[in-house]
There are 2 protein chains.
Amino acid sequence: MTHDLNETQDPELRSWVESANEEGSDFPIQNLPYGVFRLRGSSQRARVGVAIGDQILDIDRCREQGALSSAAAEAAAACRQSSLNALMALGKEHWTALRAALSGLLAAGDHRHKATAAALVPMSEAEMQMPAQIGDYTDFYCSLHHATNVGSMFRPDNPLLPNYKHIPIGYHGRSSSIVPSGAPVRRPLGQTKADDAEAPSFGPSKLLDYEMEVGFFIGPGNDLGEAWAVEEAEERIFGFCLVNDWSARDIQKWEYQPLGPFLAKSFQTTVSPWVVTAEALAPFRVPAFERDEDDPQPLPHLESGDNRAHGGIDMTVEVHLQTEKMREDDVEAQRLSRGNFRDMYWTAAQMVSHHASNGCNLQPGDLMASGTVSGPEKDARGCLLELTWRGSEPIELPGGEVRRFLADGDEVTMRGSCEREGAARIGFGECRGVVGPAREP
Amino acid sequence: MTHDLNETQDPELRSWVESANEEGSDFPIQNLPYGVFRLRGSSQRARVGVAIGDQILDIDRCREQGALSSAAAEAAAACRQSSLNALMALGKEHWTALRAALSGLLAAGDHRHKATAAALVPMSEAEMQMPAQIGDYTDFYCSLHHATNVGSMFRPDNPLLPNYKHIPIGYHGRSSSIVPSGAPVRRPLGQTKADDAEAPSFGPSKLLDYEMEVGFFIGPGNDLGEAWAVEEAEERIFGFCLVNDWSARDIQKWEYQPLGPFLAKSFQTTVSPWVVTAEALAPFRVPAFERDEDDPQPLPHLESGDNRAHGGIDMTVEVHLQTEKMREDDVEAQRLSRGNFRDMYWTAAQMVSHHASNGCNLQPGDLMASGTVSGPEKDARGCLLELTWRGSEPIELPGGEVRRFLADGDEVTMRGSCEREGAARIGFGECRGVVGPAREP
């Protein structure tokens, strides 16, 4: 059975893994996101797999079975480790070959399906790990709506700084404290100073927030001193995930000048474990953010016709909250917001191109995050700081609770998906964390 | 021959490696800094060694020869890789055992010296590598003099922000672009906007600068969510090096608000390759920075009697410049500044303790840098931005050249040393780089 790239995106294509064909599945055969899993209770090393319905296909086992063509086998050999870094390093040609091969193996009617089924692991028996060893993590700030909202709270007279529309603003984040979805979140302690306090004090953050972001992983890197035009940057993006950039707003406010956020963010960052490939998202490409007529045009190294026409991704992102009381009362999580990644002022490729423009070497497995995805509507705001306007407009929850910021026991779940007429739905799985109490100071 | 810690710091102790005993040597037997080297022209893996005079002792070869006691052999076994990370992870007890054993092997009169000599490699035949695989790099901003000088240039009405005397201000840096001394430096390109320009433009930085900093490597890490009091933080510091935090001031000025420096710094950072251990620096401990009477006291988790009494290190740091023309004319490098690490407002242990205070997990091999080491005197300013007061007071060089910022061909060499009556001189070697032209845009 031959199988080419166009077929892997055919919305009619179905899998013999029946759960993949169910309506609303995050992981149909058109998705095939990569992740790293460990069998629950097993001492085996963590392994690379792709999600298909409610199953995970163990790529190394497929390779061992000789089920892959030589081009795909080379890519699959890069999956013989406990991270996606080596696969990311190979580049687009290999990614395409492996994707086509896996799609072929999983397609309804494939004659090898009995052998392939032996390489399936139910998701319920797997614990997802970090998808990559992240060397460096960079967090951008690329929603004009978010930057304007937050800026107007912190600098009412000067909400949007003069550089904003010229540069994809970003800063280096902390890579060691990035954890996969489901890992517990500990409320951080830190130094804060209330407006009316004479001196700062040290204790648990009182203004804990989430930030709904979209992350993307770098594939083949550049040498130190080299750079990428925006078209080349696009080719280097392996795939996308969801990122919760947990933020302690009281720590942030006191520490962030003049060098930016530090301990307000570095206590933890949560990512969804499945990396949805750039290829799977191809049907959802949309034009880059439409700038106002009087907005500056991007400088030439950050611009291309392709980027203008297809640099955006039409991807819905949602945040859901369930408090401890809601769990006890069996009340389902409440959706707090729904935004869209296409509303970012800069595209992912522009962020990557900007990052490498000074010669900074990006490496396979490096993670970038977009910054909070907020849209123009109030219910498209991607953090509580914006949703409750710094706590002045509390959110009412079912059961009578209110939230200005997060309370201990709160579970924050982020979801993302791409949907449109004539294309299979692509889901991102979950990015989830429950806030636990701070340690004793 | 027994050999204990006190002996390793005895200033009278001499080595049978004669070059270690020469006056002014950076690497007497009391120093024994660790580094990673590769034999020039060899395909062998890079190896861990200690510097002794003009030689490097290959630790794995000593271990193979059975020359080490069991406690030291365990630490030496951690040196069987191409980085110091595993040794750093072991902790103080092992560091002490290995140091004592190596000091014993290298001490004048040691009966094993013929066998040990076979494990020596001349420095002239070695190429120094990065000492550690740096997971995360954090750059602080802990010189009150530097912060006040720079602040008064960027914010004349508000030079020192209200948080400065309460928090060791820091930010996440880029780890991928950290290179060892000697690696070429490429002038970065970037987006800048002149004050009188209507719009920004993209091109080579015109205001390239160095920053003279002191770096320190983390030993055993903390778990996510845990923290260290300042005394414990002190125990976790493996050792120190020199850091040149190359900075493009024009890129920095345009990009740094609101999230801090990003591409102005991430194009490259240079470190000296020899890590001088905390133990070797013990004789040079001095009280922490003496605060003014009306300065706030550090919050309790950042303070201890020991830190007040011994948190500082009396370490001289110097910056030397040699232009291309000076090299051609055989004019030796000119010293631009001489500062002292004891002039930092916060101690290294306070920076580490602050970093972990929110539960951020620090890991073996993580690098922290102090921020520019500037003192109260003009010739103790650790970067050109301060020395030339933003270019308004150019430096005159021998031969008639002047410098406001760095020109292509300029070689910047940093050196550090600890000296006092009754103690052997401890040197840091060099942190060196030559600025090359920017790539074609």
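Residues numbered from 1 in each chain as written. Chains lettered and ligands numbered in written order. Predicted model: local features only at pLDDT ≥ 70, side-chain atom pairs only at ≥ 80, totals over all residues. Heavy atoms only, no water.

Trainee: Before we move on, could you go through the packing of helix α3 (residues 70–77) of chain A against helix α5 (residues 92–106) of chain A and cite the residues and values that matter?
Mentor: All names here are of chain A. The N-to-C vectors of α3 and α5 enclose an angle of 105 degrees; their axes lie 8 Å apart at closest approach. Relative to α5, the element α3 lies roughly perpendicular. Of the residues in α5, those touching α3 at A71, A72, E74, A75 and A76 are H94, A97, L98 and A101. Grouping the constituent residues of the contact of α3 with α5 by class yields 7 nonpolar, 1 polar and 1 charged. (Axes fitted to C-alpha atoms, helices over the stretch in contact; angles between N-to-C directions. Helix = DSSP H or I, 4+ residues; strand = E, 2+ residues; numbered from the N terminus. Parallel < 35°, antiparallel > 145°, perpendicular 65-115°, else oblique. Contact = heavy atoms within 4.5 Å. Nonpolar A, V, L, I, M, F, W, Y, C, P; charged D, E, K, R; others polar.)

Trainee: So what's going on with a negative patch on the surface? Which residues, and what values?
Mentor: Residues and elements named next belong to chain A. A cluster of acidic residues, E290, D292, E293 and D294, forms a negative patch at the surface. Counting through the fold element by element, D292 comes out in the loop between β18 (285–286) and α11 (305–310). Taking the relative accessible area as the measure of exposure, D292 reaches 48% and is therefore partly exposed. (Patch = residues over 30% accessible without salt bridge, like charges linked within 9 Å, V, L, I, M, F, W, Y side chains within 5 Å. Areas by Shrake-Rupley, 256 points an atom, 1.4 Å probe, with all protein chains shown as cover. Salt bridge = Lys/Arg side-chain N within 4 Å of Asp/Glu carboxyl O. Lys, Arg positive; Asp, Glu negative; His and termini not counted. Charge placed at Lys NZ, Arg CZ, Asp CG, Glu CD. Buried < 20%, exposed > 50% of the residue type's maximum accessible area, 1.4 Å probe, protein only.)

Trainee: Before we move on, can you summarise the confidence of the model for chain A with the specific residues and values?
Mentor: Regions with low pLDDT carry predicted coordinates that are not meant to be interpreted in detail. With 99% of its residues at a pLDDT of at least 70, chain A reaches an overall mean of 96. Both confidence scores are given for the complex: pTM 0.97, ipTM 0.96. (pLDDT = per-residue confidence, 0-100.)

Trainee: I'd like a rundown of the sheet that holds strand β21 (residues 334–340) of chain B, residues and numbers included.
Mentor: All names here are of chain B. Strand order in this open sheet of 5 strands is β9-β26-β25-β20-β21, and the pairing throughout is mixed. Looking at the sheet topology across the chains shown, the edges are occupied by β9 (185–186) and β21. The sheet contact formed by strand β20 (residues 316–322) and strand β25 (residues 411–418) spans 7 bridges and is antiparallel. If you follow T316 over to β25, its bridge partner there is S417. (Pairing = 2+ DSSP bridges.)

Trainee: Before we move on, can you summarise the interface of chain B and chain A with the specific residues and values?
Mentor: Taken residue by residue, the interface counts 59 residues in chain B and 59 residues in chain A. A combined buried area of about 5500 Å² lies between chain B and chain A, and 59% of that area is made up of carbon and sulfur atoms. It is H172(B), L259(B) and F262(B) in chain B that bury the most area against chain A; as a group they hold 15% of the surface buried on that side. Scanning the region where chain B abuts chain A turns up 6 salt bridges. Taking the shortest distance from any N to any O, the salt bridge between R174(A) and D136(B) comes out at 3.4 Å. The interface formed by chain B and chain A contains 30 residue pairs in polar contact (both at pLDDT 80 or more). Residue assignment for the side of chain B that touches chain A shows that the elements contributing at least two residues are β6 (137–140), β7 (170–172), β10 (189–192), β11 (201–204), α9 (249–255), α10 (263–266) and α13 (348–356) of chain B. Here the side of chain B that touches chain A takes 3 residues from β7(B), the largest share from any one element. (Buried area = accessible area lost by both parts, 1.4 Å probe. Polar contact = N/O pair within 3.5 Å; in protein donor to acceptor, adjacent residues only side chain to side chain.)

Trainee: Quick rundown of unusual backbone geometry? Include the residues and the values.
Mentor: If a residue is not glycine, its phi is most likely negative; likewise, a peptide bond is most likely trans. Residue and element names in this part refer to chain A. In this chain, Q257 is followed by P258 through a cis amide linkage whose omega measures 5 degrees. For P258, the position within the fold is in the loop between α9 (249–255) and α10 (263–266). You will see that D330, though not glycine, has its phi angle at about 60 degrees, which is positive. Mapped onto the elements, D330 comes out in the loop between α12 (324–328) and β21 (334–340).

Trainee: Break down the pairing of strand β20 (residues 316–322) of chain A for me, citing the residues and quoting the values.
Mentor: Taken residue by residue, a regular strand's side chains alternate between the two faces of the sheet. Residue and element names in this part refer to chain A. Of all 7 residues making up β20, 6 are buried, and the element is well covered by its neighbours. Judged from the 6 bridges that link them, β20 and β21 form a sheet pairing that is antiparallel. The partner of T316 across the bridge, within β21, is N340.

Trainee: Could you give me a rundown of the packing of aromatic side chains, with the residues and numbers involved?
Mentor: Residues and elements named next belong to chain A. All chains considered together, the criterion is met by 20 aromatic pairs over all chains. An angle of 50 degrees between the planes, with centres 5.2 Å apart, marks the rings of F289 and Y345 as tilted. One end of the pair, F289, is in the loop between β18 and α11; the other, Y345, is in the loop between β21 and α13 (348–356), with 56 residues separating them in the sequence. According to the relative accessible area criterion, Y345 is buried, its value standing at 1%. In this structure an aromatic cluster arises from ring pairing among Y141, Y164, F289, Y345 and W346. Residue placement shows R291 over the ring face of W346; its charged tip is 4.4 Å from the ring centre. (Phe/Tyr/Trp six-rings, centres within 6.5 Å; stacked < 30°, edge-to-face > 60°. Lys NZ or Arg CZ within 6 Å of the ring centre and 35° of its normal.)

Trainee: So, the relation of the copies chain B and chain A: which residues are in play, and what are the values?
Mentor: Mapping chain B onto chain A calls for a rotation angle of 180 degrees and an axial translation of 0.0 Å; the resulting RMSD is 0.0 Å. Within this description, the copies of the chain are treated as partners about a two-fold rotation axis. When C-alpha distances to the rotation axis are compared across chain B, the minimum falls at G260(B), with a value of 2.2 Å. (Least-squares fit on C-alpha atoms with pLDDT ≥ 70 in both.)

Trainee: Before we move on, could you go through the environment of D110(B) and cite the residues and values that matter?
Mentor: Residue and element names in this part refer to chain B. Relative to the helices and strands, D110 is located in the loop between α5 (92–106) and α6 (113–117). Its relative accessible area of 1% is what places D110 among the buried residues. Considered as a pair, D110 and G41 are 69 residues apart in the sequence and their alpha carbons are 32 Å apart. A polar contact of 2.8 Å, which involves the side chain of D110, links it to the side chain of R112.

Trainee: An account of α13(B) is needed here, citing residue identities and associated values.
Mentor: Counted residue by residue, α13(B) has 9 buried out of 9 residues, so it is predominantly covered. Those residues of α13(B) that fall on the buried side of the exposure criterion are A348(B), A349(B), Q350(B), M351(B), V352(B), S353(B), H354(B), H355(B) and A356(B).

Trainee: Talk me through the side chain of D410(B); I want residue IDs and the actual numbers.
Mentor: Residues and elements named next belong to chain B. Assignment of secondary structure puts D410 in the loop between β24 (402–403) and β25. Given a relative accessible area of 0%, D410 falls into the buried group. A distance of 2.8 Å separates a polar side-chain atom of D410 from the backbone nitrogen of A407.

Trainee: Which residues make up the sheet that holds strand β5 (residues 126–128) of chain B, and what values go with them?
Mentor: By way of backbone hydrogen bonds, the strands of a sheet pair with one another, either parallel or antiparallel. Residues and elements named next belong to chain B. Reading across the sheet, the 5 strands line up as β4-β3-β2-β1-β5 and stay open at both edges, with antiparallel pairing between neighbours. Edge positions in the sheet fall to β4 (120–122) and β5, since each of these pairs with one other strand and no more. Adjacent strand axes in the sheet meet at a mean angle of 50 degrees when their direction is disregarded. Note that strand β3 (residues 55–58) and β4 share 3 bridges and pair antiparallel. Each bridged residue has a counterpart across the sheet, and for I56 the counterpart in β4 is V121. Of the strands in this sheet, β1 (34–39), β2 (47–52) and β3 touch α5, which is tilted by about 60 degrees from β1.

Trainee: For the pattern of salt bridges, give the residues involved together with the corresponding values.
Mentor: In this structure the tally under the stated criterion is 66 salt bridges over all chains. Between E232(B) and R236(B) there is a salt bridge whose closest N-O contact spans 3.0 Å. Taking the shortest distance from any N to any O, the salt bridge between R432(B) and E411(B) comes out at 3.0 Å. Placement of the pair is R432(B) in strand β26 (residues 426–436) and E411(B) in strand β25, with a sequence separation of 21 residues. Each of R45(A), R47(A), D58(A), D60(A), R63(A) and R80(A) takes part in a single network of salt bridges with overlapping partners.

Trainee: Quick one: what's the story with α5(B), residue by residue and with numbers?
Mentor: All names here are of chain B. Given a rise of 1.5 Å per residue, 15 residues ought to cover 21 Å, and the 21 Å separating the end C-alpha atoms of α5 matches this to within 8%. Counting buried positions along α5 gives 11 out of 15 residues, so the element sits mostly inside the fold. Buried residues of α5: H94, W95, L98, R99, A100, A101, L102, S103, G104, L105 and L106, and no others. (Expected span 1.5 Å × (residues − 1).)

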